[in-house]
Amino acid sequence: MTVLYTIGILFYSFGVRIAALFGNVKAMQWVKGRKHRLAEPQTQPSDAWIWFHAASLGEFEQGRPVIEALKQEFPQYKILLSFFSPSGYEVRKDYPLADEVLYLPSDTPSHAAQWVKRHHFVAAFFIKYEFWFNYMRALKDAGIPLFYISLILKPDSYFFRWYGVWFREQLKSVRHFFVQDDATAQLLQTHGMTNVTVCGDTRFDRVAAIAQQAKPFPEVERFIGGRRCIIAGSTWPPDEKLLERVFSQCPDDYCFIVAPHDISASHVAQVQALFPDSQLYTQLDPQKQSKVLIVNTIGILSQLYQYARFVYIGGGFGVNIHNIQEPVTFGCPVVFGPKYKSFKEAVDLVALEGAFSVGDEAELAKVLMRLIDDEAFYAKASETCRNYLKAQVGATESIIKGFKKALF
């Protein structure tokens, strides 16, 4: 089975290279990033390293609180950060707390053996879904403990299918699983893996820290000017068309901030056409009166949520919703489309009535108007979000305690 798995990895790598030849941008980045042989790291023989591996940017954000906590408590350890996807590597290749940031070579036995020999690893952390079985075996053979953080598994995962015996066997190379929920813990324990701690999602620790450190935006405050504000974050065209029709029904003492997922000039122009009475964040004129502000830059949305009364999150009419944890941190009730069930926090908050899923324009208008007009309904939803956040923070502390117990 190991041979078949490795052959599958080789075929996948070949397919990506073919896609790169035909101009696929991500495939080209994937190939280019792995093109050159790994240089020897600039380290001393006495250096001790901890390896963190993330698939992409979202998984990195889940691992980030743990990296920061380990750096603070164990500054003697160096950090190697690896990514599978260009969307993670290209954004975080200069992450200051990592001593080295690399693409992960394809998961073959030779690459895994070479990788493990490059550093004196004391531990490795794989984040959420990253299962690379040749690397896992190489770590086990070298006596390097492997930890999973923010892991969440479903009963229909290939690990628990009739053909999953070999895959489950590979999980025995893991020293400890730090999982998000009781259901994942029960799945693992049912199949003989008792080295499990339920500690929640580390992203909540990250967004809670962002909220505590949120800086003011005077120009945005001038734009709001005492009005109540609805923020639409990470929107896609289907979201924006719905919002254009619903926003027009909102009272005059409300203003809107729209932050498209795609901030290319062409798409921002399309959003501007939907909202003629709008300004761009990068060209904000404090003297001009307008009802809609379009955020055409990245890196500030998570902090802008401090100004929202409630929030619409995009993506739910496409593949899946985007991050709802950031607005929830500020006690903002959240509204989104029907594609949300892959995210535990969204499922939980819909059940608790701190978040609301809508399927069309009429449902969106109904929820928004109730959040605007019914103060008791809004207050309950907001308090639900705050309480949910409080119950979720602390995963990082649990992981650090478990790491110290396992190693020392």
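For the structure, see preceding data.
We now turn to the structure provided with this report. Along each chain, the written sequence defines residue order, and numbers are assigned to residues from 1. Predicted model: local features are reported for residues with pLDDT of at least 70 only, side-chain atom pairs are reported and counted for 80 or more only, and whole-chain, interface and lining totals are derived from all residues. As a rule here, side-chain values come from all non-hydrogen atoms in the structure, and water together with hydrogens is ignored.

Things to note about the sheet that holds strand β5 (residues 146-151)
Point 1. By the convention used here, strands pair only if DSSP detects at least 2 bridges between them. A helix here means a DSSP run of H or I that spans at least four residues, while a strand means a run of E at least two residues long, and both kinds are numbered starting from the N terminus. Strand order across the open sheet formed by 7 strands is β3-β2-β1-β4-β5-β6-β7, with parallel pairing between neighbours. Since the sheet does not close on itself, it has two edges, and those belong to β3 (100-103) and β7 (196-198), each with one partner. Going across the sheet, the axis of each strand differs from the next one's by a mean of 20 degrees, ignoring polarity.
Point 2. Direction of pairing for strand β4 (residues 121-127) relative to β5: parallel, over a ladder of 4 bridges. Looking at the pairing, Phe 126 lines up with Tyr 148 of β5. To define axes, lines are fitted to C-alpha atoms, for helices over the stretch in contact only, and angles between the resulting N-to-C directions are given on a 0 to 180 degree scale.

A few points about the nonpolar core
Point 1. Among buried residues, those of type Ala, Val, Leu, Ile, Met, Phe, Trp, Tyr and Cys that are joined through side-chain atoms within 4.5 Å constitute a nonpolar core. Any residue under 20% of the maximum accessible area for its type is buried, any over 50% is exposed, and the rest in between are partly exposed; the area is computed with a 1.4 Å probe on protein chains only. Judged by nonpolar contacts, the single largest core of 41 residues is most densely connected at Trp 51, Phe 131, Met 136, Tyr 148, Phe 177 and Leu 188.
Point 2. Ranked by the residues each element gives to this core, the list is headed by helix α6 (residues 133-141), at 5 residues.
Point 3. Among all residues touching Trp 51, those that are not within four sequence positions of it are Leu 80, Ser 82, Leu 104, Trp 115, Phe 121, Ala 123, Ala 124, Phe 125, Phe 126, Tyr 135 and Leu 139.
Point 4. Residues Cys 229, Leu 301, Tyr 305 and Tyr 307 belong to the second largest nonpolar core, which totals 38 residues. Here, two residues are considered to be in contact whenever any of their heavy atoms come within 4.5 Å of each other.

Description of the sheet that holds strand β14 (residues 355-357)
Point 1. Ordered in space as β10-β11-β9-β8-β12-β13-β14, the 7 strands form an open sheet in which the pairing is parallel. Either end of the sheet is taken by a strand with one partner, and the two such strands are β10 (278-280) and β14. Sheet twist, expressed as the mean angle between neighbouring strand axes with direction ignored, is 20 degrees.
Point 2. Summarising the sheet, strand β9 (residues 254-260) and strand β11 (residues 292-294) pair through 3 bridges and their orientation is parallel. Opposite Val 258, over in β11, you have Ile 294 as the bridge partner.
Point 3. Of the strands in this sheet, β8 (228-235), β9 and β12 (310-313) are in contact with helix α11 (residues 237-247), which crosses β8 at around 165 degrees.

Here's the deal with the packing of aromatic side chains
Point 1. Any two of the Phe, Tyr and Trp rings considered here, Trp counted by its six-membered ring, make a pair once their centres fall within 6.5 Å; the pair's planes then place it as stacked at under 30 degrees, edge-to-face at over 60, or tilted in between. A full pass over the atoms with the stated rule returns 35 aromatic pairs.
Point 2. Plain terms: the ring middles of Trp 51 and Phe 126 are 5.1 Å apart, the flat faces sit at 80 degrees to each other, and that makes the pair edge-to-face. Within this pair, whereas Trp 51 is found in strand β1 (residues 48-54), its partner Phe 126 is found in strand β4, the two being separated by 75 residues in sequence. For the residue pair Trp 51 and Phe 126, the accessibility class agrees, reading buried in each case.
Point 3. Summarising the aromatic geometry, the rings of Trp 162 and Tyr 163 are spaced 5.3 Å apart at their centres and angled 90 degrees between planes, so their arrangement reads as edge-to-face.
Point 4. For Tyr 163, a relative accessible area of 35% gives the class partly exposed.

Brief notes about the pairing of strand β2 (residues 77-83)
Point 1. Among the 7 residues that make up β2, 6 are buried, leaving the element largely enclosed by the rest of the structure.
Point 2. Sheet topology places β1 next to β2; 7 bridges connect them, and they run parallel. Counted as the bridge partner of Ile 50 is Ile 79 from β2.

What to know about the pattern of salt bridges
Point 1. Salt bridge, as used here: a side-chain nitrogen of Lys or Arg that lies within 4 Å of a carboxyl oxygen of Asp or Glu. If you walk through the whole model with that rule in mind, you get 20 salt bridges.
Point 2. In this structure, Asp 99 and Lys 71 form a salt bridge, with 3.3 Å as the shortest nitrogen-oxygen distance. One end of the pair, Asp 99, is in the loop between α4 (86-92) and β3; the other, Lys 71, is in helix α3 (residues 57-73), and 28 residues separate them in sequence.
Point 3. Of the charged contacts in the structure, one is a salt bridge between Glu 90 and Lys 93, with a shortest N-O distance of 3.2 Å.
Point 4. Assessed through its relative accessible area of 36%, Lys 93 is described here as partly exposed.
Point 5. Among the charged side chains, a salt-bridge network with shared partners connects Glu 61, Arg 64, Glu 68, Arg 92 and Arg 206.

Focus: a nonpolar patch on the surface
Point 1. Residues Met 1, Val 3, Leu 4, Ile 7 and Phe 11 make up a contiguous nonpolar surface patch of roughly 540 Å² in combined accessible area.
Point 2. Within the fold, Phe 11 resides in helix α1 (residues 2-21).
Point 3. Here Phe 11 falls in the exposed class, since its relative accessible area comes to 60%. Distance thresholds for patches are 9 Å for like charges and 5 Å for nonpolar side chains (Val, Leu, Ile, Met, Phe, Trp, Tyr), applied to residues having over 30% relative accessible area and no salt bridge. Each accessible area is a Shrake-Rupley estimate made with a 1.4 Å probe; only the visible protein chains count as cover when residues are assessed.

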